[in-house]
Structures are given as C-alpha cells and as structure tokens.
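Residues per chain are reported as follows:
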Amino acid sequence: MATVLEVRQYLGTLSAILWNYGATFPVPTLDDYGVDEVGFSFRAELPGQATPRAAEIKLAEIWAPARSDELSRREYEYDFIEYPLARRRAFHGHDAGYFAREFGVFVHEHCEEQLGSPVCDHYYGLPIDGFEAIRQFAATWGQAAQLGCTGLRCMD
C-alpha cells in the first residue's frame, strides 16, 4: 500500500538506481492511467556495447486504489533485453485473471537464452518489485554465463 507521493518517490528511487548504473533515459513521470489509476513506463539504455543495440531495462507499473487514499500495485512489467548477448529476462504481473484461471498463479516470467527463440513462452514465478528486478538484471548484465532458463518451470 502506498500513497501517490510514495509511488512518486519509489519511481524516483528506481530512476536513481538506474542512473547510478550509468543508464540513460528520459526522466520518467507518474502518469494518470484512467479513473484513479496511476503508473509509469520507461526504458533505460545501459552503458556498454552499442552494437547491435545497447542492453536495456524497461520498467512499467500500474497502481490503483485499494483504500481511501492508498494505492496498491496492480500490474507490472520488468524487462531486461541484452542485445549484445542476444538474450532476455523478464518478470510480469498482468492479466491476473487469465493466469490465475489457466495456471493458478498471478505472475509469470520470461527467459530467453537466445533472444527471439524462447523454449517456453511463460515460466512460473514469484511476485517481485522494481528494486528486486533491477538487482536481478544487474547481476546478469554483461556476464557470459547462461541466464538459467533451464532451471525455471514452464507454464505451457
């Protein structure tokens, strides 16, 4: 649970963390997403090889009213695409009704050791926040080791 001010501060802290890693991005804003919902979505380009493209992190969240003046995070998408190593890792929490009905979970993950050639479209995962997503992305960024997709449980 958070107030609009706390969500804005959280967004500022996420931005500062990425900035400290040397990422470049337009200053993200907390935007209105319909009736009483707020959210943000932005991409940050990480320093390093620019060919074929620099690695990037995308962070997106939607917050909606939970109680009088408090919000709860309803959806999120955290994506890490490392173009120089042609791979992707992502943590998603969206379309909760579908994933709950079909797989008994509210969140899922994506993992591609070879970008564009996933072994599985969705993997079981646990809910995480933007801080943990950045931490996990930074831990693998630029490392030649595999992402570990084979250790994840496929949903499909």
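About the cut-offs
- Residues numbered from 1 in each chain as written.
- Predicted model: local features only at pLDDT ≥ 70, side-chain atom pairs only at ≥ 80, totals over all residues.
- Heavy atoms only, no water.
- Salt bridge = Lys/Arg side-chain N within 4 Å of Asp/Glu carboxyl O.
- Helix = DSSP H or I, 4+ residues; strand = E, 2+ residues; numbered from the N terminus.
- Buried < 20%, exposed > 50% of the residue type's maximum accessible area, 1.4 Å probe, protein only.
- Disulfide = S-S within 2.5 Å.
- Phe/Tyr/Trp six-rings, centres within 6.5 Å; stacked < 30°, edge-to-face > 60°.
- Lys NZ or Arg CZ within 6 Å of the ring centre and 35° of its normal.

S.K.: Sorry if this is basic, but what is going on with the pattern of salt bridges here?
M.R.: A side chain with one charge may pair with a side chain of the opposite charge, provided their charged atoms come close. Taken as a whole and assessed by the stated rule, the structure comprises nine salt bridges. Taking the shortest distance from any N to any O, the salt bridge between glutamate 77 and lysine 58 comes out at 3.7 Å. With glutamate 77 in strand 4 (residues 70-82) and lysine 58 in strand 3 (residues 56-67), the pair connects residues that are 19 residues apart, well separated along the chain. With a relative accessible area of 26%, glutamate 77 lands in the partly exposed category. Owing to a relative accessible area of 18%, lysine 58 belongs among the buried residues under this scheme.

S.K.: I keep staring at the state of the cysteines and nothing clicks. Help me out?
M.R.: Linking two cysteines covalently through their sulfur atoms gives a disulfide. Taken as a whole and assessed by the stated rule, the structure comprises two disulfides. Residue cysteine 111 pairs covalently with cysteine 149 via a disulfide, S to S 2.0 Å. Handedness of the cysteine 111-cysteine 149 disulfide follows from its S-S torsion of about -80°: it is left-handed. You can see cysteine 111 sitting in strand 6 (residues 108-112) and its partner cysteine 149 sitting in the segment after helix 3 (130-140), a full 38 residues away along the chain. What makes cysteine 111 buried here is its relative accessible area of 3%. A disulfide bridge connects cysteine 120 with cysteine 154, and the sulfur atoms are separated by 1.9 Å. Taking the sign of the S-S torsion, 90° for the link of cysteine 120 and cysteine 154, the bridge is right-handed. Of this pair, cysteine 120 sits in the loop between strand 6 and strand 7 (123-124) while cysteine 154 sits in the segment after helix 3, placing them 34 residues apart in sequence. Overall, the relative accessible area of 4% leaves cysteine 120 in the buried class. What links to what in the chain: the bonded cysteines, counted in sequence order, pair as 1-3, 2-4.

S.K.: Could you clarify how one ought to interpret the packing of aromatic side chains in this entry?
M.R.: The relation between two aromatic rings is expressed through the spacing of the ring centres and the mutual angle of the planes. Taken as a whole, this structure holds 13 aromatic pairs when the rule is applied. Pairing phenylalanine 40 with phenylalanine 42 gives two aromatic rings, centres 6.3 Å apart and planes at 45°, and the pair type is tilted. We classify phenylalanine 42 as buried; its relative accessible area is 7%. Here phenylalanine 91 and phenylalanine 137 contribute two aromatic rings whose centre-to-centre distance is 5.5 Å and whose plane-to-plane angle is 20°, an arrangement assigned as stacked. Of this pair, phenylalanine 91 sits in strand 5 (residues 87-93) while phenylalanine 137 sits in helix 3, and the two are 46 residues apart along the sequence. Residue phenylalanine 137 is classed as buried on the basis of its relative accessible area of 1%. Here the aromatic residues Tyr10, Trp19, Phe25, Phe40, Phe42, Trp63 and Phe131 are joined through ring pairs into a cluster of three or more. Arginine 153 extends its terminal NZ or CZ atom over the ring of tyrosine 124, reaching a point 4.2 Å from the ring centre.

Just geometry here; none of it tells us what the structure is for.
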